[in-house]
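Geometric and topological summary
These are the residues of each chain, in order.
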Amino acid sequence: MATEYRASKEQAYFAASNSRDGFHSYYEQCFRHKVDRLLYIKGGPGTGKSTLMRRVARYGEARGYRAEYYYCSSDADSLDAVLLYGKQGSVGLLDATAPHAMEPTLPGVAEEWIDLGQFWNADALAVRQEDVTRLNKEKSDGYRAAYCYLAGAGEVSDVLWDAVAPCVDMTKLSRTVARLLKGTTKREGRGNVSIGLCDSIGMRGRIRLDTYLRQAARVCLIEDYLDTAYLLTRELGQRATEQGIDVRISYHPILPDRIDALMLEDSKTVFLVCEAEKIEDLRAVAPHGRVVSMRRLIEPTIMRGRRESIRQTYRLREALIGGAQDELKKVSRAHFELESIYSAAMDFEAKERYTGALCEKLFGR
């Protein structure tokens, strides 16, 4: 499955994924209680939610705030949220429309609504009701089909896991984890876990953000072999938090119980799962990165009798993921047509005036 590695100068993540369980949201973990003030944005596709968030974020950054950008897992060119941290406090804005709806618990106190529906021409939209209904159904049908494929990919992944896991020498794996964590500062108590996904499968294909690599002071590339790398990252995450180390974790987009990247916050040490054929590409980004090959942790005598059936299972999963991506491409056609309908009905000049006033309200002139 082809992956686009997307470079960015931002601290960029995803906060949801299209997974074996359908739409899997990490909104609560990523946004609830993370800032002093949280603004929930409502509006249809194409109404400028991302543009509003980006303008507010740039305004805040120009005044010394640090921004975290959370992109949409289905459309990685659109924002789901931004969080801004500064000396005067912190604020977040998020897209609170379906499927990632989130409700305020302290409305009017620490949370409030932004309704972009105030800037659209309802009469112009009413004329397109039949088209909007049809396109929403096409989107719904496409997502349903994609999630069926991803559910199948998840089931096949379980079969693959059951076949491969016994082939890993767990004693070697434990020693490898100990070596990788050697020299890290241990603390009393349990380490904190924050979530920031760097991988997604959506309407634009599979996209991986470079945030973890860009922030890293030290990099370890874990060369996967038939999913065995997730045994290593699971052990790394558990051992690090048990030693009081704060970690930021990225979960696999399809398999949300598996870690595909993690960063030790204090030392900025990053562990990143990657396919063997992508190692050289990533070495260009992280030339001094250490490579750990999972093949070295395999018991060859156990693997020998299972190798062919395991490879067939792996190929089946790749075919199912490919089917999901085909369905998500169909979703994209309906989605972007919906965006054009809503955009045509918007008064963007009024919305931009509102955005400017909001920036001044949040951060001053």
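Now for a look at the structure at hand. Given the structure is predicted, the values throughout are model-derived calculations rather than measurements.

**Quick notes on the sheet that holds strand 12 (residues 205-209)**
Here three strands make up an open sheet; going across it, the order is 1-12-11 and the pairing mixed. Looking at which strands have only one partner, the edges of the open sheet turn out to be strand 1 (3-6) and strand 11 (199-202). Across this sheet, the average inter-strand angle for adjacent strands is 25°, counted without regard to direction.

**Considerations on the packing of aromatic side chains**
Each aromatic ring pair is summarised here by two numbers: the centre-to-centre distance and the angle between the ring planes. Inspection of the entire model under this criterion finds eleven aromatic pairs. Aromatic pair Tyr-65 and Phe-363: ring centres 4.8 Å apart, planes at 70°, arrangement edge-to-face. In this pair, Tyr-65 sits in the loop between helix 2 (49-62) and strand 6 (66-71) while Phe-363 sits in helix 11 (residues 348-363), placing the two residues 298 residues apart along the sequence. Following the ring pairs from residue to residue traces out a cluster consisting of Tyr-13, Tyr-27, Phe-31, Tyr-70 and Tyr-212.

**With respect to the nonpolar core**
As a rule of thumb, soluble globular proteins bury nonpolar side chains together. Within the largest apolar cluster, 94 residues are counted, with the highest numbers of intra-cluster contacts made by Phe-31, Val-56, Leu-84, Leu-93, Leu-94, Leu-232 and Leu-236. Per-element tally for this core: the top contributor is helix 7 (residues 229-242), with six residues. Discounting chain neighbours no more than four positions away, the residues touching Leu-93 are Leu-38, Leu-39, Ile-41, Leu-52, Met-53, Val-56, Asp-80, Ala-81, Val-82, Leu-84, Ile-114 and Leu-358. If you look at the next biggest cluster of nonpolar residues, it comprises 15 residues, including Tyr-143, Tyr-147, Met-203 and Ile-254.

**Looking at the environment of Gly-183**
Looking at the element boundaries, Gly-183 is found in the loop between helix 5 (170-180) and strand 10 (193-195). For the pair Gly-183 and Val-109, spaced 74 residues apart in sequence, the C-alpha to C-alpha distance is 45 Å.

**Remarks on the sheet that holds strand 7 (residues 79-86)**
In space, the six strands of this open sheet follow the order 2-6-7-8-5-9, with mixed pairing throughout. Of all strands in the sheet, those bounded by a partner on one side alone are strand 2 (11-14) and strand 9 (111-115). Adjacent strand axes in the sheet meet at a mean angle of 20°, parallel and antiparallel pairs treated alike. Contacts from helix 2 reach strand 5 (37-42), strand 6, strand 7, strand 8 (89-95) and strand 9, with the element oriented near 15° to strand 7.

**Describing a positive patch on the surface**
Positive charge collects at one region of the surface, where Lys-172, Arg-175, Arg-179, Arg-218 and Arg-290 lie side by side. Here the positive patch takes three residues from helix 5, the largest share from any one element. Among the structural elements, Arg-179 can be located in helix 5.

What counts and how
- Residues numbered from 1 in each chain as written.
- Predicted model: local features only at pLDDT ≥ 70, side-chain atom pairs only at ≥ 80, totals over all residues.
- Heavy atoms only, no water.
- Pairing = 2+ DSSP bridges.
- Helix = DSSP H or I, 4+ residues; strand = E, 2+ residues; numbered from the N terminus.
- Axes fitted to C-alpha atoms, helices over the stretch in contact; angles between N-to-C directions.
- Phe/Tyr/Trp six-rings, centres within 6.5 Å; stacked < 30°, edge-to-face > 60°.
- Core = buried A, V, L, I, M, F, W, Y, C linked by side-chain atoms within 4.5 Å.
- Buried < 20%, exposed > 50% of the residue type's maximum accessible area, 1.4 Å probe, protein only.
- Contact = heavy atoms within 4.5 Å.
- Patch = residues over 30% accessible without salt bridge, like charges linked within 9 Å, V, L, I, M, F, W, Y side chains within 5 Å.
- Areas by Shrake-Rupley, 256 points an atom, 1.4 Å probe, with all protein chains shown as cover.
- Salt bridge = Lys/Arg side-chain N within 4 Å of Asp/Glu carboxyl O.
- Lys, Arg positive; Asp, Glu negative; His and termini not counted.
- Charge placed at Lys NZ, Arg CZ, Asp CG, Glu CD.

Limitation: the analysis is restricted to geometry and does not speak to function.
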